[in-house]
Amino acid sequence: MSSEFQSLIKTLRAGQKPEFPPDARSIDYARQLDSQDKLGSFREKFNIPTRGSLRKKALNGRATAKPTGVNGCNGTNGVKAQKPNGISHANGHTDDDTPSIYFVGNSLGAQPKCIREHLDAHLETWASIGVNGHFTSFEDSPLAAWQDMAADCAEKSLDLVGAAAPSEVIYMNTLTVNLHLMMASFYRPTEKRHKIIAEWKPFPSDSYAIASQIQWHNLSPATSLVEVHPDPHTLYLSTDQILATIDAHADSTALLLLPGIQYYTGQLLDIPRITAHARARGIPAVGWDLAHAVGNVELALHDWDVDFAVWCTYKYLNAGPGAIAGAFVHRKHHDGPDPDGRVGDAGYRHRLAGWYGAEKTVRFNMDKVFAPAEGAAGWQVSNPSVVDLASVKGALGVFGQTTMRELRDKAVVLTRYLEWLLEGLLEEEESGGEQAFRIITPGNPLERGSQLSLLLRAGLMERVSARLAEGGVVIDVRKPDVIRVAPVPMYCRFEDVWEFVEVFRNALEEAR
Ligand SMILES: *Cc1c(COP(=O)(O)O)cnc(C)c1O
């Protein structure tokens, strides 16, 4: 049977869609796939909100169903949380300790248990040695000296984003701030080249950032912003359309800025092909917002010749709400010679500078002249929050116990299983009449990550989402009619997918 899992992966990786056997509609089949899942033990490294904890009205010192002890950090497997069956609680609920179906890791990832240990280590370091923590760390600490924490996190991100060297990555600020800082360096409009090519419906923060950058240069979005539009019915953004838009505006475009995965539809864009095309047409800068792609799909930013990229760490990376964000700057834009002795083609790239962008060894010399650190680190502005970096380090440590390839292997099967069960629901519906929902995420497994966006028939949303919540499902709603369902491979099970579809079927029936 383990070869069945493998053959599913192979078919999906080839961009084809396997059917499942008829018995795949049973929970036993889902459990069988779980038993073959190499990443199954990762679930124990996370605190998944339970049905009881979701109903909590006050803190009670219990973050999970049962205290499980510190675990899950850097390779040690967690102790399995016990799940007592049928125990009555004072509030009358018998399912208090049952984990929720947490399908919202694309919005806020579940908490890795080891983050508590990282935060504790930080608090102890600070309390014990105060300011010396900048340069010293304890030998048994999971943390580096505070000064080295950002670089340490960069080192652990090579596989995540496909960087050629740690110097291409930095953790700093938050996503939108990094987008602004990168645009300050890479959006340098001239009279002739002043346009930004973006997509029709960027995440609002990206829209505001793009428009305000254009205005900052005394230009107007009406003439300097080009939006690529999807098919109006399917919302699919075709690569051909993107390439044609690049062709049409090649001579007047200063920056191409697109999302790796479109947050609303879950479509994964063809980053290498689009980037290469923009490059070939002479567009001076290509940037990607990877908020929904990092930790979700495999990336090779260096090889794809991406100029810059930004991402947050609280979605698929699980570092906690608002945690410090990441940025990538391709080696060719680094100041000075690269490790192979080649000098970047751009020389020094202008940036909005601050003291943390200075070379670490001279940072505390308080020189008046800015001597930037090598690579992406030279874009830092301020002293970063170590609480944040400790969280990111803990979260990246979990990724370090597997690979993006393995996570993606599981994700393609998990997402296809969800899609196949949902297709079954659509077949069950009486023919004629408008269907209760439509999947707007591309059907091609290579054009999506772990998220399926379901467009509900108008008028169903309120009741359906209420029933889902009652059924212990946590998903996210994009008004008016889209729910985004994300069974992330790190901690979600095939059994969860099966159960979600059962709850969803009942919710639709009751909402009708
Ligand atoms: C989540 C997300 C953001 C959030 O930005 P913050 O600056 O972290 O608040 C921005 N852009 C996209 C595309 C996102 O998915």
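Presented here is a report on the structure given in the accompanying data block. (Residues numbered from 1 in each chain as written. Predicted model: local features only at pLDDT ≥ 70, side-chain atom pairs only at ≥ 80, totals over all residues. Heavy atoms only, no water.)

### Digging into helix α12 (residues 386-399)
For an α-helix, the turn length of 3.6 residues means that residues three or four places apart are oriented alike. Going by this rule: Here a strand is any run of E in DSSP of at least two residues, a helix any run of H or I of at least four, and the numbering for each starts at the N terminus. Here the expected length of a helix is defined as 1.5 Å per residue gap, with one fewer gap than residues. When accessible area is computed with a 1.4 Å probe and restricted to protein chains, residues below 20% of their type maximum are described as buried, those above 50% as exposed, and intermediate ones as partly exposed. Polar contacts here mean pairs of N or O atoms no more than 3.5 Å apart (in protein, one a potential hydrogen donor and the other a potential acceptor; neighbouring residues in sequence count only if both atoms are side-chain atoms).
Taking 1.5 Å of rise per residue, 14 residues should cover 20 Å, and α12 covers 20 Å from first to last C-alpha, within 8% of that figure. Counting buried residues in α12 gives 12 out of 14 residues, a clear majority hidden from the surface. Buried residues of α12: Val386, Leu389, Ala390, Ser391, Val392, Lys393, Gly394, Ala395, Leu396, Gly397, Val398 and Phe399, and no others. One side-chain oxygen of the residue at the start of α12 lies 3.4 Å from the amide nitrogen of Val387, identifying that residue as Ser385.

### Looking at the site of the ligand
For the record, the criterion: Note on terminology: near, applied to a residue and a molecule or strand, indicates that one of the residue's heavy atoms is within 4 Å of it.
In the vicinity of the ligand, the residues found are Leu175, Thr176, Phe203, Asp206, Asp289, Ala291, His292, Tyr314 and Lys315. In the environment of the ligand, an oxygen atom lies 2.5 Å from a nitrogen or oxygen atom belonging to the side chain of Thr176. Within the side chain of His292, an N or O atom sits 3.0 Å from an oxygen atom of the ligand.

### So, the nonpolar core
Note that soluble globular proteins tend to have their nonpolar side chains buried in a common cluster. Applicable threshold: Think of a nonpolar core as a cluster: buried Ala, Val, Leu, Ile, Met, Phe, Trp, Tyr and Cys residues, connected wherever their side-chain atoms sit within 4.5 Å. In this document the domain limits rely on a domain assignment from an automatic tool or a database. The contact definition used throughout considers only heavy atoms, calling two residues in contact when any of these lie within 4.5 Å.
Tyr417, Phe500 and Phe504 are the most contacted members of the largest nonpolar core, which has 147 residues in total. Ranked by residue count, the leading element in this core is helix α13 (residues 404-428), at 12 residues. Residues lining this core come from more than one domain, with at least three contributed by each of domain 1 (3-113 + 402-511) and domain 2 (157-346 + 383-399). The contacts of Tyr417, once residues within four sequence positions are left out, are Phe20, Ala24, Ser26, Tyr29, Ala30, Phe494, Val497 and Trp498.

### A few points about the pattern of salt bridges
Counted only if it meets this: Any carboxyl oxygen of Asp or Glu within 4 Å of a side-chain nitrogen of Lys or Arg constitutes a salt bridge here.
Taken as a whole and assessed by the stated rule, the structure comprises 32 salt bridges. Here Lys360 and Asp148 are joined by a salt bridge, their closest N and O atoms 2.6 Å apart. Linking Lys360 in the loop between β10 (326-329) and α12 with Asp148 in the loop between α4 (114-129) and α5 (149-155), this pair joins segments that are 212 residues apart in sequence. Under the relative-accessibility criterion, Lys360 is labelled partly exposed at 35%. Across the pair Asp496 and Arg493 runs a salt bridge, and its minimum N-O distance is 2.9 Å. Asp496 gets classed as buried once you look at its relative accessible area, which sits at 3%. One connected set of salt bridges, linked through shared partners, spans Lys17, Glu19, Arg416, Glu419, Glu423 and Arg448.

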